Every structure is written in C-alpha cells, then in structure tokens.
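# Examining the three-dimensional arrangement
Each chain, written out:
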Amino acid sequence: MTFAVIKTGGKQYKVAANDVVKIEKIDAQPGDVVTFDQVLMVGDGDAVTVGAPLVEGALVAGQFIATEKERTIIILKKERRQHYDRRNGHRQRLSTVRITEILTGGKKPTTKVDEIAKARAEKRAAAAAASASVTEAPKAAAKPVAKKAPAKKAAPAAEATETKAPAKKAAAPKKEAAPKADKPAAEKKPAAKKAAPKADKE
C-alpha cells in the first residue's frame, strides 16, 4: 500500500489513495484539482523514501470537496478569587479533500476536474443568492408601513396641544387674586395707628 506524508497549513498528514482528509482552509472551489508538492515521505510496502527535507519529484493530487466550519471549541479563562471569568467560542474552517493519487519521479497528475460537483456548487450558490433576495424584499416593503404608523400618532399630539391651550387661560384668573392680598395689608396699617394713641394716654 502506497502512502505519503504531506505538509500543508503548518501540519503533517499521512495520506493514501482514496483517503478523505480535513486540512487547514485552502483557496479552491468544489470539484477542483489540488496538488501538494511538500511531500516529506513516500512509502510503498517495505520501501520507504524519506525526504531531506522533501522528496524530489514527489507529488500528491486530490479533489477539493468543500470548506466548512468545525464544531465549536470553548475557550475558558478563569482566575479564582479574582472575579475573572472569560468564556469564548471558536469555529475553525477546514477544507475537505479526497486524495486521488500519489506520484513520484516527476510524474504529472491525471486527476480531472469533477464537473458534477462544480455544477452542484453553482446551483447551491444561486439558490442561496435567490433566497437572500427574497428575504430582503419583504424588509423593503415593511419600511413604508413603519413610516405611516408615526403619521397616525401625530394626530393625537395635535389634540394634546389643543387641550393645553385652555390650561393657559385658566392661569389668567390667578393674577386677579393678587389684589385681594393687598387689602389685608391696608387693614393692618390702621391697626398700628390705633395702638399709638393708647400709649399717649398712659
């Protein structure tokens, strides 16, 4: 059984033909042919070739399947008795690749682009774009309705101003009550004059 050890994304993977491996995200489309030229080791049964650091003329080819997010990894930091507790999540993007062939001696890959997978990916992208446009259309229609609602609320505000006007008229009679306070002050002055003649009699 032929196997190889490749390096990609700063990591090493042992792969063989027809293996499906998840590697660090690479820039490709579903159905594309991807190649890995950093081959560290190639083995065929008991015959093993180790590179220094790479095996000359070795190449690993495969077909790109998809790039997806992995399960959430919880990152928790805590220091007891310090009121410090932080909880975060991380979802790494990994690309899935199916290994098709392991080549040595400078051979070129014979893997072809998977047109069926490419067509499926295009259909999914078109469906996602269509659903996004459909969801945006109702939101645009809902905005005029929201503008009409405040217009109806403006009518009660006008009535409130009309009700406030009579309140100002009611405040006017309070000014007429001020002359009444002057009359008791005038009555007190004659009382003081009467007290003065009593002191003269004594």
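As shown above, the structure is provided for reference.
Sequence order as written defines the numbering, with residues in each chain counted from 1. Reporting in this predicted model follows two pLDDT cut-offs: at least 70 for local features of residues, and 80 or more for side-chain atom pairs to be given and counted; totals over whole chains, interfaces and linings ignore these cut-offs and use all residues. Hydrogen atoms and water are omitted, and side-chain values are computed over all heavy atoms in the structure.

## Brief notes about the packing of aromatic side chains
Which entries qualify depends on this criterion: Stacked, edge-to-face and tilted are the three classes for Phe, Tyr and Trp ring pairs, Trp counted by its six-membered ring, which pair at centre distances within 6.5 Å; planes under 30 degrees apart are stacked, over 60 edge-to-face, the rest tilted. The rule for a charge over a ring is simple: NZ of Lys or CZ of Arg within 6 Å of the ring centre, and within 35 degrees of the ring normal.
Applying the stated criterion to the full structure yields zero aromatic pairs. Lys-14 extends its terminal NZ or CZ atom over the ring of Phe-3, reaching a point 4.6 Å from the ring centre.

## Description of the pattern of salt bridges
The condition is simple: Here, a salt bridge means any side-chain nitrogen of Lys or Arg that lies within 4 Å of a carboxyl oxygen of Asp or Glu. Helix and strand definitions here come from DSSP, where helices need a minimum of 4 consecutive H or I residues and strands a minimum of 2 consecutive E residues; each element is numbered from the N-terminal end. The cut-offs for exposure are 20% and 50% of the maximum accessible area for each residue type, with area from a 1.4 Å probe on protein chains only; residues under the lower value are buried, those over the upper are exposed, and the others partly exposed.
Following the criterion strictly, the structure yields three salt bridges and no others. As a salt-bridge pair, Lys-11 and Glu-24 come within 3.1 Å of each other at their nearest N and O atoms. With a gap of 13 residues between them, Lys-11 in strand 2 (residues 11-16) and Glu-24 in strand 3 (residues 20-24) connect regions that are remote in the sequence. Here Glu-24 falls in the buried class, since its relative accessible area comes to 19%. Residue Glu-70 is joined to Lys-22 by a salt bridge in which the shortest nitrogen-to-oxygen separation is 3.4 Å. A residue pair is termed long-range when its members are at least 10 positions apart, and Glu-70 in the loop between strand 7 (59-69) and strand 8 (73-79) and Lys-22 in strand 3 qualify at 48 residues. For Glu-70, a relative accessible area of 24% corresponds to the partly exposed category.

## Details of the side chain of Gln-63
Applicable threshold: The contact rule is simple, with two residues in contact once any of their heavy atoms fall within 4.5 Å.
Along the chain, the position of Gln-63 falls in strand 7. Taking the relative accessible area as the measure of exposure, Gln-63 reaches 17% and is therefore buried. Aside from chain neighbours lying at most four places away, what touches Gln-63 is Asp-32, Thr-96, Val-97, Arg-98, Thr-100, Thr-111, Lys-112 and Asp-114.

## Quick look at the pairing of strand 8
Put simply, the test is: A strand pair is defined by DSSP finding two or more bridges across the two strands.
Across seven bridges, strand 8 lies against strand 9 (residues 84-90) in antiparallel orientation. Opposite Leu-76, over in strand 9, you have Arg-87 as the bridge partner. Here strand 8 folds back onto strand 9 in antiparallel fashion, the turn holding four residues, of which Arg-81 has a positive phi close to 65 degrees.

## What about the sheet that holds strand 10 (residues 93-103)?
Which entries qualify depends on this criterion: Only the contacting stretch of a helix is used when fitting its axis, a line to C-alpha atoms as for every element, and angles between N-to-C directions run 0 to 180 degrees.
Taking strand neighbours across the sheet as the criterion, the four strands line up as 3-10-7-4 in an open arrangement whose pairing is antiparallel. The open sheet has two free edges, formed respectively by strand 3 and strand 4 (33-36), since each of these has just one partner strand. Each strand of the sheet is rotated relative to its neighbour by a mean of 45 degrees, with strand direction disregarded. Note that strand 7 and strand 10 share ten bridges and pair antiparallel.

## Some remarks on the environment of Ala-16
Relative to the elements of secondary structure, Ala-16 occurs in strand 2. On the basis of relative accessible area, Ala-16 is assigned to the buried category, the value being 3%. Linking Ala-16 and Met-1, residues 15 residues apart in sequence, is a C-alpha distance of 7.9 Å. Apart from the residues within four sequence positions on either side, Ala-16 is in contact with Met-1, Thr-2, Ile-99 and Ile-102.

## Quick look at the sheet that holds strand 2
The sheet built from four strands is open, its strands ordered 2-1-5-6 with antiparallel pairing. Each edge of the sheet is formed by a strand with only one pairing partner; in this case those strands are strand 2 and strand 6 (47-50). With strand direction ignored, the average angle separating the axes of adjacent strands in the sheet is 15 degrees. Pairing geometry for strand 1 (residues 2-8) and strand 2, over six bridges, is antiparallel.

## Some points on the layout of surface pockets
Threshold: Using only the protein atoms, space was sampled on a 1 Å grid; points where a 1.4 Å probe fits but cannot get out form cavities, open sets with protein on both sides within 12 Å along at least five of seven lines form pockets, and lining residues are those with an atom within 4 Å of a point. Grid points are joined across faces, edges and corners, and a volume is the space filled by probe spheres set on the points. Side-chain classes are defined by residue name, with Ala, Val, Leu, Ile, Met, Phe, Trp, Tyr, Cys and Pro counting as nonpolar, Asp, Glu, Lys and Arg as charged, and the others, Gly among them, as polar.
Of the pockets and cavities examined, the largest pocket occupies roughly 510 Å³. Around the largest pocket, the lining is made up of 22 residues, and of these Pro-30, Ile-65, Ala-66, Ala-117 and Ala-121 lie nearest the centre. Going through the elements one at a time, strand 7 and helix 1 (115-176) are the ones with two or more residues in the lining of the largest pocket. Among the elements that take part in the lining of the largest pocket, helix 1 stands out by supplying seven residues, more than any other. Partitioned by chemical class, the residues of the lining of the largest pocket number nine nonpolar, four polar and nine charged.

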